[in-house]
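Here's the letter readout for the chains.
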Amino acid sequence: MKQIQHADDMRFWADEQRSLHKTIGFVPTMGALHTGHLSLAEAAVRDNDLGVASIFVNPTQFAPLEDFDQYPRPLEEDLAKLETAGIAAVYMPTAAEMYPRNFSTYIDVEQVSQGLCGGSRPHFFRGVATVVTKLFNAVKPHRAYFGQKDAQQCAVIKRMVRDLDMGIEIVEMPIVREPDGLAMSSRNVYLTAEDRKRALCLSRALFDAEKKLRNGERDGGVLVQGVRDAMRNVEIDYVALVDAETMQPIREPIRPVVLAVAAFLPTARLIDNIKFDPNTDDAGSQTGSGR
Ligand code: PAF
């Protein structure tokens, strides 16, 4: 597996592969890789001639008091996992190269970035959209893979790619869960044993709502209130039923929707969601959900 640090070298490698008519599937990550990330890497390797991953803990998507410094960085383990997944090259730029002095160009994706995580982390999607654009410019992928767990991030990236004519196919992969239903996240390592147990109310509340949706419940207020009730033992950031494309609140799931939750536990902020399409009655395959 090739390790590349500089954007120029990354572009050179990507151009070379493209000139040989190889397709590139890209998985951007911040490292601390778990099975969810590896499902993206495996899909990128399977569906393309070459899989590329990046590891970069992006400072512009963290607010000053968030966990940028504590964010886990098990680099050697991450590299071994990517190599096992069959990744051909890993791009690991430095913060100094990504954000040189006087860096002044940011990408704001309007509407989709507002509300939900954009409400409680106003800086977040600007940082994500900017860094993902820079990573795309270096890696030059044909396809890029993101996890449904960050459903709003997926919607933001899809909108950005469409609006800016980036010509990259965005592939959204199902949430990977622990056997007891907890959505996998690099931040789960922050949870104490007691908080880990309390965190289960997020996925349980969503699975219950999913059952109601499948049984024909179409009142968004009832669905949201049911989830709020089931999450009464944690500090709720938001519970919202939103249009899957625009991320704007919707009262009735008459189009594909996301039922999304976020909660503050003492040691971590967690997010989770289910997707539901009333036309196909498909609540999104949540692999390993243990339901
Ligand atoms: O989802 C993540 O890990 C990050 O937000 C991403 C897409 C790698 C950008 O830093």
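This text follows the structure it describes.
### Thoughts on the site of the ligand
- Looking at the ligand, the residues that line it are Pro28, Thr29, Met30, Asn58, Gln61, Val128, Val131, Val132, Phe146 and Gln153.
- Here an oxygen atom of the ligand and a side-chain polar atom of Gln61 are 2.6 Å apart.
- In the environment of the ligand, an oxygen atom lies 2.8 Å from a nitrogen or oxygen atom belonging to the side chain of Gln153.
- For the ligand, whose unbound accessible area comes to 290 Å², protein coverage reaches 88%.
- Where the shell around the ligand is concerned, the elements lending two or more residues are β2 (24-29) and α6 (124-139).

### Looking at helix α9 (residues 200-214)
- Helix length check: α9, at 15 residues, gives a terminal C-alpha distance of 21 Å against a target of 21 Å (1.5 Å per residue), a fit within 8%.
- Those residues of α9 that sit buried are Leu200, Cys201, Leu202, Ser203, Ala205, Leu206, Phe207, Ala209, Glu210 and Leu213.
- Packed against the buried residues of α9 are α8 (193-198), α10 (220-230), β8 (257-265) and β9 (268-276).
- Where α9 ends, the next residue or the one after it, Gly216, has phi of about 105°, a positive value.

### Here we look at the pattern of salt bridges
- Evaluation of the coordinates by the stated rule reveals 16 salt bridges.
- Measuring nitrogen to oxygen at the nearest pair gives 2.8 Å for the salt bridge that ties Asp67 to Arg187. Residue Asp67 is located in the loop between β3 (50-55) and α3 (75-85), and its partner Arg187 is located in the loop between β6 (169-173) and α8; the two are separated by 120 residues in the primary sequence.
- Assessed through its relative accessible area of 10%, Asp67 is described here as buried.

### Points about the sheet that holds strand β7 (residues 235-243)
- With antiparallel pairing, three strands are arranged side by side in an open sheet as β7-β8-β9. On the outer flanks of this sheet lie β7 and β9, each paired with one strand and no other. Averaged over all pairs of adjacent strands, the angle between strand axes in this sheet comes to 10°, irrespective of strand direction.
- In the sheet, β8 pairs with β9 via nine bridges, with the strands oriented antiparallel. Of the residues in β9, the one forming a bridge with Leu259 is Ile274.
- Against the sheet, α9 engages β8 and β9, with an angle of about 15° to β9.
- The strands that α10 touches are β7 and β8; relative to β7, the one it contacts most, it runs at about 155°.

### Details of the packing of helix α2 (residues 35-47) against α3
- Interaxial distance between α2 and α3 falls to 9 Å at its minimum, and their mutual angle equals 35°. Seen along the crossing, α2 lies across α3 with a hand that is right-handed. In contact with Leu38, Ala41, Glu42 and Val45 of α2, α3 contributes Lys81, Leu82 and Ala85.
- Among the residues forming the contact of α2 with α3, the class breakdown is five nonpolar, no polar and two charged.

### Topic: the side chain of Glu172
- Position of Glu172 among the secondary structure elements: in strand β6.
- Of note is the side chain of Glu172, whose polar atom sits 2.6 Å from the side chain of Lys158.
- In this structure the side chain of Glu172 is engaged in a polar contact, spanning 2.7 Å, whose partner is the side chain of Lys275.
- Excluding residues that lie within four positions of it along the chain, Glu172 makes contacts with Phe146, Gln148, Cys154, Lys158 and Lys275.

Rules used in this analysis
Along every chain, residues carry numbers that run from 1 in the direction the sequence is written. Since the coordinates come from a predicted model, pLDDT governs what is reported: local features require at least 70, and pairs of side-chain atoms require 80 or more to be given and counted, while whole-chain, interface and lining totals use all residues. Working from all heavy atoms in the structure, the side-chain values ignore hydrogens and water. Whether a residue is near a molecule or strand is decided by its heavy atoms; if any one of them lies within 4 Å of it, the residue is near. Throughout this description, a polar contact denotes any pair of N or O atoms lying within 3.5 Å of each other; where both atoms belong to protein, one of them has to be capable of donating a hydrogen while the other can accept it, and for residues adjacent in sequence the pair is counted only when both atoms sit in side chains. Surface exposure here means Shrake-Rupley accessible area, sampled with a 1.4 Å probe, where a residue is shielded only by the protein chains that are shown. Helix and strand labels come from DSSP, where a helix needs a run of H or I of at least four residues and a strand needs a run of E of at least two; each type is numbered from the N terminus. Helices are assigned an expected span. That span is 1.5 Å times one less than the residue count. A 1.4 Å probe rolled over the protein chains alone gives each residue an accessible area, and that area as a share of the maximum for its type sets the label: buried under 20%, exposed over 50%, partly exposed in between. Any pair of residues with heavy atoms lying within 4.5 Å of one another is described as a contacting pair. Think of a salt bridge as a Lys or Arg side-chain nitrogen and an Asp or Glu carboxyl oxygen that are within 4 Å of each other. By definition, two strands form a pair when at least two bridges between them are found by DSSP. Axes here mean lines fitted to C-alpha atoms, for a helix over just the part in contact, with angles spanning 0 to 180 degrees between N-to-C directions. By convention the crossing between two helices is left-handed if the near helix lies anticlockwise of the far one by an angle smaller than a right angle, and right-handed if it lies clockwise. Residue classes follow a fixed rule: Ala, Val, Leu, Ile, Met, Phe, Trp, Tyr, Cys and Pro count as nonpolar, while Asp, Glu, Lys and Arg count as charged, and any other residue, Gly among them, counts as polar.

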